[in-house]
Amino acid sequence: MAGYKPVAIQTYPVLGEKITQDTLYWNNYKTPVQIKEFGAVSKVDFSPQPPYNYAVTASSRIHIYGRYSQEPIKTFSRFKDTAYCATFRQDGQLLVAGSEDGVVQLFDISGRAPLRQFEGHTKAVHTVDFTADKYHVVSGADDYTVKLWDIPNSKEIQTFREHSDYVRCGCASKLNPDLFVTGSYDHTVKMFDARTNKNVLCVEHGQPVESVLLFPSGGLLVSSGGRYVKVWDMLKGGQLLVSLKNHHKTVTCLCLSSSGQRLLSGSLDRKVKVYSTTSYKVVHSFDYAASILSLALSHEDETIVVGMTNGILSVKHRKSEAKKESLSRRRRPAYRTFVKGKIYMKQRDDIMINRPAKKHLEWYDKDLKSFRISKALDRVLEPNCVIKTPEVTVSIIKELNRRGVLANALAGRDEKEITRVLNFLIRNLSQPRFAPVLINAAEIVIDIYLPVIGQSPVVDKKFIVLQGLVEKEIDYQRELLETLGMMDMLFATMSRNDSVSLSENVPAELPEKTESPCQPGDTDKNS
């Protein structure tokens, strides 16, 4: 036992994350501050004017937060039912919001009671916005209508009945006070002109529209619904420029960076994607703990606020660029203190005694040394080891297989333990560096637990996922072989054509000239 050799952990090359300017820019935020709201956060909107406070709409309240405050500095709670879509005016002095009872309310930031109440919708109002002239409000509701209101007179100016389903999103043009856009669950996005009685432009999104966004120039329109984010060119009559499908679930919110060079989208898949507005490729991604309903960026992208379905408000502040003051450090011992005695030269009569360094075995090596094979496998299947160092788990499985005891280590496990094994196989089976070892382990697991399939729905579900993963990998391999076959045919054809062209370009050999014998008369003439 004294000569036990520890298991050699095979190292694999790991591709480093590609560092780009976007990675550095969007990673330069502090640890997020989480604020608990009373319900799902359906809307976050920043004031366009200093000090850049933001309004959070959740449940039947609207909270106004300071830029760095974790407690609301003002609350609007004069709602009979759920409030929706609190939006600031361009000067930051007024706030408008819809509600479940169909009433649109206008608030002064310095007060608490509503300044105006616009009554005309018969169902919940989910979208409101100020027009570019600051004196009108656009609202869209579940009664399929879009209304334009006059603030000074508190009257309804116009009603559009162009949609055939709930109107859930909209925005007004920042340049033209007569133009505004709405999106509906009837799969359409429509642009209206207050000078006409009908829409002037209509595009088909193909899914229920959850959010719309107009670029500051007014030439591009972005719509989101289902898993798609689509960009439309308004100057070309609503021509589709690009359709993005980078989320796994419904895209619920859209946002532009301060420069207008980056587009952000939030989704129920708990991710925020950052797109370049020139190439429309994903340049960065944020992960969150719950499904995302709302998203907003402050002036100069200093703060990013995300509202989620579980009522959590995640606030990230950008790190300050100020140089950190160098802290005075305690003086450390000099270098010669650490090398004292190590540079001593052995004299003639001295005897050198080397103390062998004691080797400490890992816990799994100790279990293998004592032939506790199941315990060793359990140690490397712990979540910390599986996530951070999967190569250790694969090396132990390989060692158990080499010893011929892998089947014994995998047998006799309960539902929780076999689920842990299946989770590891599902997570890493498709990785080329682990596939040769894990495919063999998967075959052993299937052979052992095939007779008990059907007794546990959890284990059965994992086996179904594993089966789908293996079938998908087989399809990939088949497509790869087909591609290799086509490439071989192309290369063979090219090499054949090259050989034929070379043979055609070689000139034919000219026949050798045979010197005719000189006549005696010719010799005399030449002489």
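Residues numbered from 1 in each chain as written. Predicted model: local features only at pLDDT ≥ 70, side-chain atom pairs only at ≥ 80, totals over all residues. Heavy atoms only, no water.

J.: How do you make sense of the overall build of the chain when you look at a structure like this?
T.: For the chain, the count of helices and strands is 11 helices and 28 strands. Taken over C-alpha atoms, the radius of gyration comes to 36 Å for the chain, far larger than the 24 Å a tight globule of 527 residues would show. Burial status across the chain gives 42% buried among its 527 residues. In the chain, 71 positive and 60 negative side-chain charges are present, and the distance between their average locations comes to 11 Å. (Helix = DSSP H or I, 4+ residues; strand = E, 2+ residues; numbered from the N terminus. Rg over C-alpha atoms; globule rule 2.2 N^0.38 Å. Buried < 20%, exposed > 50% of the residue type's maximum accessible area, 1.4 Å probe, protein only. Lys, Arg positive; Asp, Glu negative; His and termini not counted. Charge placed at Lys NZ, Arg CZ, Asp CG, Glu CD.)

J.: What's the story with the packing of aromatic side chains in this structure? I'm lost.
T.: Centre distance and the angle of the planes are the two values used to describe a pair of aromatic rings. Applying the stated criterion across every chain yields a total of 13 aromatic pairs. Between Y54 and Y65, the aromatic rings sit 5.6 Å apart at their centres with planes inclined by 15°, giving stacked as the arrangement. Highlighted residues: Y54 in strand β3 (residues 54-58) and Y65 in strand β4 (residues 61-65), separated in sequence by 11 residues. Each member of the pair, Y54 as well as Y65, carries the same accessibility label: buried. Taking the centre distance of 4.7 Å and the plane angle of 45° together, the rings of F160 and F192 count as tilted. Pair noted here: F160 is in strand β13 (residues 155-160) and F192 is in strand β16 (residues 188-193), with a separation of 32 residues, a long-range link. We note that F160, like F192, is buried. Here the aromatic cluster, defined as three or more aromatic residues joined through ring pairs, consists of Y25, W26, Y29 and F286. (Phe/Tyr/Trp six-rings, centres within 6.5 Å; stacked < 30°, edge-to-face > 60°.)

J.: Any chance you could explain the UniProt feature "repeat: WD" (unreviewed entry) in the chain here in plain terms?
T.: When the UniProt feature table is mapped onto this chain, "repeat: WD" (unreviewed entry) is found at residues 118-159 and 244-285. Split by type, residues 118-159 is 0% helix and 57% strand. Its first and last C-alpha atoms lie 13 Å apart. (UniProt positions renumbered as here; feature names shortened; annotations may be inferred.)

J.: Explanation requested: unusual backbone geometry in the structure shown.
T.: Where the residue is not glycine, phi is negative for most of them; where a peptide bond is considered, it is trans in most cases. With an omega of 5°, the peptide bond between P50 and P51 qualifies as cis. One can find P51 in the loop between β2 (41-46) and β3. Residue F371 is not a glycine yet carries a positive backbone phi of 65°. Its location among the elements puts F371 in the loop between α3 (363-369) and α4 (373-380).

J.: What should I look at first to understand the confidence of the model for the chain in this one?
T.: Any region with low pLDDT has predicted coordinates that should not be read closely. For the chain, the average pLDDT comes to 87, and 91% of its residues sit at 70 or higher. Here residues 323-327 is a poorly scored stretch, pLDDT under 50, and it has 0 contacts once near neighbours within four places are set aside; other chains count. In the model, residues 513-527 has pLDDT below 50 throughout and makes 1 contact with residues more than four positions away in sequence or in other chains. (pLDDT = per-residue confidence, 0-100. Contact = heavy atoms within 4.5 Å.)

J.: Is there a simple way to think about the pairing of strand β28 (residues 312-317) in this case?
T.: Of all 6 residues in β28, 6 are buried; the element is thus mostly enclosed. By the alternation rule, side chains of β28 split into I312, S314 and K316 and L313, V315 and H317, which are all buried. Here strand β1 (residues 33-36) runs beside β28; their pairing, made up of 4 bridges, is antiparallel. Across the sheet, Q34 pairs through a bridge with S314, a residue of β28. Of the pairings in the sheet, the one linking strand β27 (residues 303-308) to β28 comprises 5 bridges and is antiparallel in character. Paired with G307 across the bridge in β28 is L313. Linking β27 to β28, which pair antiparallel, is a turn of 3 residues; within it G311 sits at a positive phi near 85°. (Pairing = 2+ DSSP bridges.)

J.: Would you mind going over the environment of A83 with me for this structure?
T.: Its location among the elements puts A83 in strand β6 (residues 83-88). For A83, a relative accessible area of 0% translates into the label buried. Beyond its immediate sequence surroundings of up to four residues, A83 is in contact with S42, T57, S59, S60, I62, G98 and S99.

J.: Is there a simple way to think about the pairing of β13 in this case?
T.: Along any regular strand the residues' side chains alternate between the sheet's two faces. Note: strand β12 (residues 146-150) against β13, 5 bridges, orientation antiparallel. Bridge assignment links V146 to a residue of β13, and that residue is F160. In sequence, β12 turns back onto β13 through a hairpin of 4 residues, with S154 there showing a positive phi of about 55°.

J.: How do you make sense of the packing of helix α8 (residues 415-428) against helix α9 (residues 435-449) when you look at a structure like this?
T.: For any two helices packed against each other, one specifies the crossing angle of their axes together with the interaxial distance. Where α8 contacts α9, the axes come no closer than 11 Å and their chain directions differ by 145°. Regarding α8 and α9, the two cross each other, and that crossing is left-handed. Only L438, A441, A442, V445 and Y449 of α9 make contact with α8, whose side of the interface consists of I418, V421, L422, F424, L425 and N428. For the contact of α8 with α9, the class distribution of residues is 10 nonpolar, 1 polar and no charged. (Axes fitted to C-alpha atoms, helices over the stretch in contact; angles between N-to-C directions. Left-handed = near helix turned anticlockwise from the far one by under 90°. Nonpolar A, V, L, I, M, F, W, Y, C, P; charged D, E, K, R; others polar.)

J.: How do you make sense of the pattern of salt bridges when you look at a structure like this?
T.: Any two side chains of opposite charge can pair, given that their charged atoms come close. A complete count under the given rule lists 15 salt bridges for this structure. Ionic pairing is found between R262 and D22, a salt bridge with its closest N-O pair at 2.7 Å. A residue pair is termed long-range when its members are at least 10 positions apart, and R262 in strand β23 (residues 262-267) and D22 in helix α1 (residues 21-26) qualify at 240 residues. A relative accessible area of 19% places R262 in the buried class. One salt bridge in this structure joins E156 and K147, with 3.3 Å as the shortest N-O distance. Under the relative-accessibility criterion, E156 is labelled partly exposed at 37%. Because the salt bridges share partners, they merge into one network encompassing D178, D193 and R195. (Salt bridge = Lys/Arg side-chain N within 4 Å of Asp/Glu carboxyl O.)

J.: Looking at this structure, I do not really get a negative patch on the surface. What am I missing?
T.: On the surface, D81, E100, D101 and E119 cluster together to form a negatively charged patch. Locating D101 in the fold gives a position in the loop between β7 (94-99) and β8 (103-108). On the accessibility criterion, D101 (32% relative accessible area) is partly exposed. (Patch = residues over 30% accessible without salt bridge, like charges linked within 9 Å, V, L, I, M, F, W, Y side chains within 5 Å. Areas by Shrake-Rupley, 256 points an atom, 1.4 Å probe, with all protein chains shown as cover.)

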